[in-house]
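# Report on the structure
Below are the chains, spelled out letter by letter.
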Amino acid sequence: MKQFQLKTLCLAIIFMGTGISCSENNSAEPEPQPTSLVPAPRVEATVIRNISGYNNEDYLRLLDNRGRVWVRSLPMNTDIVFKLPQPLSHLLFQWMRSFGYNYNELGDGPGAYRIQISSNSTDGSNGSWETVVNVQNNVWAARAHEIKGNNIQWIRFRITAGGTTIDEFDIHDLSQSKSGDAVDTWAFIGDSITADTYWRDGQGAPTFNEQVKALRPARFPSMINFGIGGNNSGHVLARLQQIIDNNRGIYFWAIGIGTNDGNAAQYEQNLKAIIEMLINNGKQPIIARIPYRNDNPSHNSIVQSLNVIVDRLTEDYELPAGPDLYRYFEQNPTHLRDGLHPTYTNGVNAIQRLWAEVAVKL
Ligand SMILES: [Ca+2]
């Protein structure tokens, strides 16, 4: 389409006799440049061991890249102190309380909390501290915070209201990136298939971020789960802007939606709006093809018709191609646990692998 418009313009210029050279070679629009991806490796922070009642295993669980496991409650109104291995100027700090399954299922996770940073503390309590995040009335099971500062060497996190369980903290180094860069930070948004897949449950390991690292050792992307069971494209569209606003610092938005949709025209309209909202917010959307299902042949034929729309919009918006989850589960139907959802072992692992294969092409 763009090339057609350019040719039309060239013809008009020639017709007007301006003498401007308008040959095919030097008037062609530049090809889109490959994304220059900036790594956001996971930071191997140390937790200062001052939590009453915590044993070694409890501390390890806070930073083991695994969720959906039992965790001991954190103390209320007490700092959880992280020492960074090297000073950073820009980072992503995430937490999740994934035991409840859905993104909107906080359970006994934190209702309010604050995050502070220090560049001159020597022990995690002395020195000067700046409050960079102060969240009230939290209802979400996972959050990402983009934090900037000079020589950040310490981070501390304090729950001030609500429940006190968190099953993972993530710290990722964004120091190499500047505003607008394609930084290696990932949000997964969708329905129950997303909720099943991205809590980094050990059964489905290695996880997306671990599989990217295995293929590209300099990378260890951040990942966060925004899945809610029963969502269709309209639900995702309705909650998307708030999630973007609540979770600054994430660049890649991996969309897995359509299993709960039925009307093709409505799906196309919603998916377009989702893509445009992400692009308008400076994000990179990537859409997965909706997984094959064998619970009901008529439902699967709807999936096939919606995947035509996924393919078309991916092409129209020049998005990187997402994983073909349809083909994978058609070829591996035993990796569906109920004809629809992935098994928590092979199925969840495969979805993460297929996304990792997309990620390493960027
Ligand atoms: Ca954990």
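This structure is a prediction, so every number in the text was calculated from the model and none was measured.

Moving on to the environment of I193. Secondary-structure assignment places I193 in helix α4 (residues 192–197). I193 sits in the buried class, given 28 other C-beta atoms within 10 Å. Along the sequence, I193 and T343 sit 150 residues apart, while their C-alpha atoms lie 9.9 Å from each other. Once residues within four sequence positions are removed from consideration, I193 is found in contact with G256, T259, P291, H341 and P342.

Time to look at the packing of helix α6 (residues 233–246) against helix α7 (residues 264–280). Packed helices, taken two at a time, are described by the angle between their axes plus the distance between the axes. Packing of α6 against α7 brings their axes to within 9 Å, and their N-to-C directions diverge by 25 degrees. Our classification of the angle between α6 and α7 gives roughly parallel. Every pair of crossing elements has a handedness; the one defined by α6 and α7 is left-handed. Residue-level contacts link S233, G234, V236, L237, L240 and Q241 of α6 to Y267, N270, L271, A273, I274 and M277 of α7. Considering only residue class, the contact of α6 with α7 consists of eight nonpolar, four polar and no charged.

A few words now on the nonpolar core. One finds L91, I155, A187, A254 and I255 to be the most contacted residues of the largest nonpolar core, which totals 79 residues. A total of nine residues in this core trace back to one element, the largest contributor, which is strand β3 (residues 79–96). Viewed by domain, this core spans two of them, domain 2 (46–173) and domain 3 (184–359), each represented by three or more residues. When near neighbours in sequence (up to four residues on either side) are disregarded, I155 contacts F82, F93, I115, I117 and I171.

Right, let's get into helix α10 (residues 346–359). Over its 14 residues, α10 runs 20 Å from end to end, which matches the ideal 20 Å to within 8%, given 1.5 Å per residue. All of the buried residues along α10 are G347, V348, N349, A350, I351, Q352, R353, L354, W355, A356, V358 and A359.

The next thing to look at is unusual backbone geometry. For residues other than glycine, phi is negative in most cases, and the peptide bonds are mostly trans. Omega for the bond connecting A205 with P206 falls within 30 degrees of zero, at 0 degrees, which places this linkage in the cis form. Locating P206 in the fold gives a position in the loop between α4 and α5 (208–215). The backbone phi angle of N77 is positive, close to 55 degrees, even though this residue is not glycine. By secondary structure assignment, the location of N77 is in the loop between α3 (56–62) and β3. Assessed through the 9 C-beta atoms surrounding it within 10 Å, N77 is described here as exposed. A positive phi angle, near 55 degrees, is found at N151, a position not held by glycine.

Once that is clear, we can look at the domain arrangement of the protein. Segmentation of the protein into domains returns domain 1 (2–31), domain 2 (46–173) and domain 3 (184–359). When each unit is reduced to the centre of its C-alpha atoms, the spacing between domain 2 and domain 3 is 27 Å. Across the boundary between the two partners, domain 2 contributes 19 residues, which contact 21 residues of domain 3. The set of elements that each furnish at least two residues to the side of domain 2 that touches domain 3 consists of β3, β6 (142–162) and β7 (168–173). When residues in the side of domain 2 that touches domain 3 are grouped by element, the largest group, four residues, is from β6.

For the rest of this paragraph, the subject is the sheet that holds strand β12 (residues 284–287). In spatial order, the strands read β10-β9-β11-β12; together these four strands make up an open sheet with parallel pairing. Every other strand in the sheet has two partners, leaving β10 (222–227) and β12 as the edge strands with one partner each. For this sheet, the mean angle separating the axes of adjacent strands, direction not counted, is 20 degrees.

Side-chain positions along a regular strand alternate between the two faces of the sheet. Counting buried positions along strand β11 (residues 252–256) yields five of five residues, so the element is predominantly enclosed. Of the two faces of β11, both are covered, the one formed by F252, A254 and G256 as well as the one formed by W253 and I255. Across four bridges, the pairing between β11 and β12 is parallel. Bridge pairing in β12 places I255 opposite I287. Taken together, β11, α7 and β12 form a β-α-β motif whose crossover is right-handed.

This next bit is on the environment of I255. With respect to the helices and strands, I255 occurs in strand β11. Along the primary structure I255 and T194 are separated by 61 residues, whereas in three dimensions their C-alpha atoms are 8.8 Å apart.

Two numbers describe how α7 lies on helix α8 (residues 297–316): the axes approach to 10 Å, and their chain directions differ by 30 degrees. It follows from the interaxial angle that α7 and α8 lie roughly parallel. The element α7 and its partner α8 pack so that their crossing is right-handed. Packed against α7, whose contacting residues are A264, Y267, E268, L271, K272 and I275, the element α8 presents S305, L306, I309 and L313 at the interface. In terms of residue class, the contact of α7 with α8 is made up of seven nonpolar, one polar and two charged.

Calculation criteria
Residues numbered from 1 in each chain as written. Predicted model: local features only at pLDDT ≥ 70, side-chain atom pairs only at ≥ 80, totals over all residues. Helix = DSSP H or I, 4+ residues; strand = E, 2+ residues; numbered from the N terminus. Buried ≥ 20, exposed ≤ 12 C-beta atoms within 10 Å, placed from the backbone. Contact = placed C-beta atoms within 7 Å. Axes fitted to C-alpha atoms, helices over the stretch in contact; angles between N-to-C directions. Parallel < 35°, antiparallel > 145°, perpendicular 65-115°, else oblique. Left-handed = near helix turned anticlockwise from the far one by under 90°. Nonpolar A, V, L, I, M, F, W, Y, C, P; charged D, E, K, R; others polar. Core = buried A, V, L, I, M, F, W, Y, C linked by C-beta atoms within 7 Å. Domains from an automatic or database assignment. Expected span 1.5 Å × (residues − 1). Pairing = 2+ DSSP bridges. Right-handed = clockwise from strand over helix to strand, strands pointing away.

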